[in-house]
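In case you want the letters, here they are:
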Amino acid sequence: MTAQRPSLATQVSRAVLWNALFAPLRLLTEVIATLVKLNQLSQAGFGLLALVRGASNLFGTALDLGIARALPKYIPETEREGGMRAARRLFLLVATIQLAILLVIAVGLALTHRQIEAYLQGLLGGEVMVEAAARAELSQFVAEFHWLIIAAIVILLGLGALYDLLMAVLSSFFRQKAWNSIALAAGLLPQVLVVVAILALPDRWDILGVLVAMVVAPAIAVAMAGWQVWRLQAGIAHEPGSSVWADVRDGLRDLRQALPNGFVRYAAVSYLMTATDFIASFEFINFFNSDIRDVSLLAAGALLVRMALSYLYTPLVGVQVPLFTRVRQGEGGTTNGAYQSLVRLQLLLMIPGGVGLILLAAPGLLVISPQYLDAAPIVWVLTPCLFSESILTTAHNALMVNERLRVVIAARLIALLTVVVLAWWLPSQFGLIGMALTFGLARVAAGLWVTVAGMRLLGLRWPGRFTLRVSAAAAVMGVVVTSLRGFIVLPEGTVDLVSRLGIALQLVLLAGIGALIFLLTLRLLGGLDPADRAHVLKWRLPLQGVIRRLL
């Protein structure tokens, strides 16, 4: 007798619960690694590493071509229609194309190495009174090892592209256990190795050690993914008489025949999404800064907001697309019902979380690293932008599942156009704040477009009453937190470790009081909708009785 499949609501609830329990492990390592980098590295060193990572993502975006997102769709279709050899031929073909592009990028970087060195030296030669000794030391490092920096970027590009391709293969054949294990290792290893490199090496060699760690970690992840793909292929029967070189040669001979129908179009849409997502990011905007300190401040502020957002979004990781897909397949519920449930859950997390982050950003940065206190205004402007975008783009996932690609393409073009328009004015008028607003508002504009389009095309409806209840409760919480924040004693002058720990304890207590005030106020205003309350009470959470009374 076949066991009855759990309901859609039960499956989603379980997914949310598992996300809430295990996803923070990766976030925790990222938080620890970021704290170590902010405190152990100079601002100039942190800024240089941010530029290296940004350059890797910049050229990685150019190298991707939307292939990584297209393979999970087309490898199973190709294998079903033409057998395992056809699937392998497709994989080798796209890998060869990416290798050719990588060689072009590598040659271009090699030919312009003097210009790259001059660009980095220009960033380091700005406000020489700020970290003068650290800037001089890093300037010498760039002069001696700029070739190593270029080599690290190229190696990261190659490893990143290969990792995405291999993981796409595992995902295509539902090797979820292997995929999740490797993804967890790929998320943990860079953070752990970077921390070890910073803490174990002398100050003069810490940047070099971090660069090596940044290369070694993805190399290990690629080796793990390659091993799993090799085992996968060995376990699947394939046609005799095929060879790697023959598959590549035949594929390059006739690209149109080798690539599945619709592959180029699908990859092009995916590439547009990837490219515009990177352009509307702090990593891209940072290339237009003129001083390494500004690079580090923008990166620190944006990373703090991104980490807070990642933590709050953790329960919904990997939930939205499967939920909309199953609703569309008729497994239960409606698209609008699923949309409203997802938006209500995000509002419940994002609005009070965002208010708390804005109010506690300055003392929080004082605890994290006093030298980054000037990044607080960046947190203030980015929090409403990025938190709003996270909620608004729920409609994006619904449109993607329902194959409304033209609307999605239009949203991406709007984001690109907004970046271009705002970049001409905001940074020149408001400096770093203007840079942060440039990509933050571009993301909000794209989110507003897909939300309005979802209402028009899919009948989505915004949960207005719930938004008002949550906003009112968050406002009350904000008033209380603002009043109590005045009792936090901030030391004058140099802030030692003991003072920072004392401030941290006060902030944790204040955050707990704020959360309690928010929940009590929300309950007085009507609390959760009945359906959401029933779903939450089904989760096996600690302190179930307390949660039941609060709800």
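Being a predicted model, the structure only gives us computed values, none of them experimental. (Residues numbered from 1 in each chain as written. Predicted model: local features only at pLDDT ≥ 70, side-chain atom pairs only at ≥ 80, totals over all residues. Heavy atoms only, no water.)

Looking only at helices and strands, one finds 22 helices and 0 strands in the protein. The burial tally for the protein puts 47% of its 551 residues in the buried class. Here the analysis covers contacts within the protein between residues at least 6 apart in sequence; of these, 81% occur between residues at least 24 apart. Total accessible area on the protein is roughly 26,700 Å²; 67% of this is exposed by carbon and sulfur atoms. (Helix = DSSP H or I, 4+ residues; strand = E, 2+ residues; numbered from the N terminus. Buried < 20%, exposed > 50% of the residue type's maximum accessible area, 1.4 Å probe, protein only. Contact = heavy atoms within 4.5 Å. Areas by Shrake-Rupley, 256 points an atom, 1.4 Å probe, with all protein chains shown as cover.)

With that out of the way, let us pick up helix 18 (residues 426-458). Here helix 18 spans only 35 Å end to end across 33 residues, well under the 48 Å set by a 1.5 Å rise per residue. The sharpest bend along helix 18 comes to roughly 115°, located at Leu 432. Backbone geometry just downstream of helix 18 places Gly 459 in the positive-phi region, at approximately 70°. (Expected span 1.5 Å × (residues − 1). Bend = angle between axes of the 7 residues up to and from the residue.)

Before going further, it helps to spend a moment on the side chain of Asn 286. For Asn 286, the location among the structural elements is in the loop between helix 11 (282-285) and helix 12 (292-313). There is a polar contact of 2.7 Å between the side chain of Asn 286 and the side chain of Asn 289. Residue contacts for Asn 286: discarding those within four places in its chain leaves Leu 51, Tyr 119, Asp 294, Val 295, Leu 298 and Ala 299. (Polar contact = N/O pair within 3.5 Å; in protein donor to acceptor, adjacent residues only side chain to side chain.)

Before going further, it helps to examine helix 17 (residues 405-423). The end-to-end C-alpha distance of helix 17 is 27 Å, a good match for the 27 Å that 19 residues give at a rise of 1.5 Å each. Residues Val 407, Val 408, Ala 411, Arg 412, Ala 415, Thr 418, Val 419 and Leu 422 constitute the buried set of helix 17. In a view along the axis of helix 17, the buried residues occupy a sector of 145°, so they form one face of it. Structural note: helix 17 exposes Arg 406 and Leu 417 on the side pointing more than 90 degrees away from its buried face. Buried residues along helix 17 sit in contact with helix 10 (263-279), helix 11, helix 16 (394-401) and helix 18. (Arc of directions from axis to C-beta.)

Let us look at the nonpolar core. Of all hydrophobic cores here, the largest spans 156 residues; its most connected members are Leu 71, Phe 263 and Leu 298. By residue number, the principal contributor to this core is helix 5 (residues 132-172), which donates 19 residues. Structurally, this core is a two-domain feature, drawing no fewer than three residues from each of domain 1 (15-236 + 245-280) and domain 2 (284-550). In this view, Leu 298 contacts Phe 282, Ile 285, Asn 286, Asn 289, Ile 378, Leu 432, Met 435, Ala 436 and Phe 439; residues no more than four positions away in its chain are not counted. (Core = buried A, V, L, I, M, F, W, Y, C linked by side-chain atoms within 4.5 Å. Domains from an automatic or database assignment.)

How two aromatic rings sit relative to each other is given by the distance of their centres and the angle of their planes. Counted by the stated rule, this structure contains 6 aromatic pairs. With a centroid separation of 5.0 Å and 40° between ring planes, the pair formed by Phe 141 and Phe 145 is classed as tilted. With a gap of 4 residues between them, Phe 141 and Phe 145 both fall in helix 5, about one helical turn apart. A relative accessible area of 7% means that Phe 141 is categorised as buried. Look at Trp 425 and Phe 430: their rings are 5.9 Å apart centre to centre, the planes differ by 85°, and that puts the pair in the edge-to-face class. A residue is classified by how much of its surface remains accessible, and Trp 425, at 47% relative accessible area, is partly exposed. (Phe/Tyr/Trp six-rings, centres within 6.5 Å; stacked < 30°, edge-to-face > 60°.)

Overall, the predicted model of the protein reaches an average pLDDT of 80, with 79% of residues at or above 70. At the low end of the mean pLDDT range in the protein sits helix 8 (residues 244-253), at 50; at the high end sits helix 15 (residues 376-392), at 94. Low pLDDT, under 50, characterises residues 539-543; the predicted model gives this stretch 7 contacts beyond four residues in sequence or across chains. (pLDDT = per-residue confidence, 0-100.)

A positive phi angle, close to 60°, is found at Leu 65, a residue other than glycine. Mapped onto the fold, Leu 65 is located in the loop between helix 2 (43-64) and helix 3 (67-111). The class of Leu 65 is partly exposed, set by a relative accessible area of 31%.

Two numbers describe how helix 14 (residues 335-368) lies on helix 15: the axes approach to 9 Å, and their chain directions differ by 175°. Judged by the inter-axis angle, helix 14 sits roughly antiparallel to helix 15. Every residue of helix 15 that contacts helix 14 at Val 343, Gln 346, Leu 347, Met 350, Gly 353, Gly 354, Leu 357, Ile 358, Ala 361, Ala 362 and Leu 365 is listed here: Ala 376, Val 379, Trp 380, Thr 383, Pro 384, Phe 387, Ser 390 and Ile 391. Among the residues forming the contact of helix 14 with helix 15, the class breakdown is 14 nonpolar, 5 polar and no charged. (Axes fitted to C-alpha atoms, helices over the stretch in contact; angles between N-to-C directions. Parallel < 35°, antiparallel > 145°, perpendicular 65-115°, else oblique. Nonpolar A, V, L, I, M, F, W, Y, C, P; charged D, E, K, R; others polar.)

Right, let's talk about the pattern of salt bridges for a bit. Two side chains that carry opposite charge are able to pair once their charged atoms sit near each other. All told, the structure shown has 5 salt bridges when counted by the stated rule. With its nearest N and O atoms 3.2 Å apart, the salt bridge here joins Glu 117 to Arg 114. Remark: Arg 114 and Glu 117 occur in helix 4 (residues 113-124); sequence separation between them is 3 residues, near one turn of the helix. Looking at Arg 114, the relative accessible area reads 54%, which means it is exposed. Residues Arg 135 and Asp 291 are paired through a salt bridge, measuring 2.9 Å at the closest nitrogen-oxygen approach. Of the two residues, Arg 135 is situated in helix 5 and Asp 291 in the loop between helix 11 and helix 12; the sequence distance between them amounts to 156 residues. Here Arg 135 matches Asp 291 in class, with each residue buried. Bridged by salt links that share partners, the residues Asp 277, Glu 389 and Arg 443 form one connected network. (Salt bridge = Lys/Arg side-chain N within 4 Å of Asp/Glu carboxyl O.)

On to the environment of Gly 187. Checked against the element boundaries, Gly 187 lands in helix 6 (residues 176-200). On the basis of relative accessible area, Gly 187 is assigned to the buried category, the value being 5%. Considering only alpha carbons, one finds Gly 187 and Ala 221, 34 residues apart in sequence, at a separation of 9.2 Å.

Take a nonpolar patch on the surface next. Taken together, the side chains of Val 212, Val 216, Ile 220 and Met 224 present a nonpolar region at the surface, about 280 Å² in accessible area. Structurally, Val 212 can be placed in helix 7 (residues 206-234). (Patch = residues over 30% accessible without salt bridge, like charges linked within 9 Å, V, L, I, M, F, W, Y side chains within 5 Å.)

You can see Ile 351 is positioned in helix 14. When the C-alpha positions of Ile 351 and Ala 475 are compared, they lie 9.5 Å apart, and in sequence the two are 124 residues distant. Ignoring any residue separated from it by four or fewer positions in sequence, one finds Ile 351 in contact with Gln 346, Val 470, Ser 471 and Ala 474.

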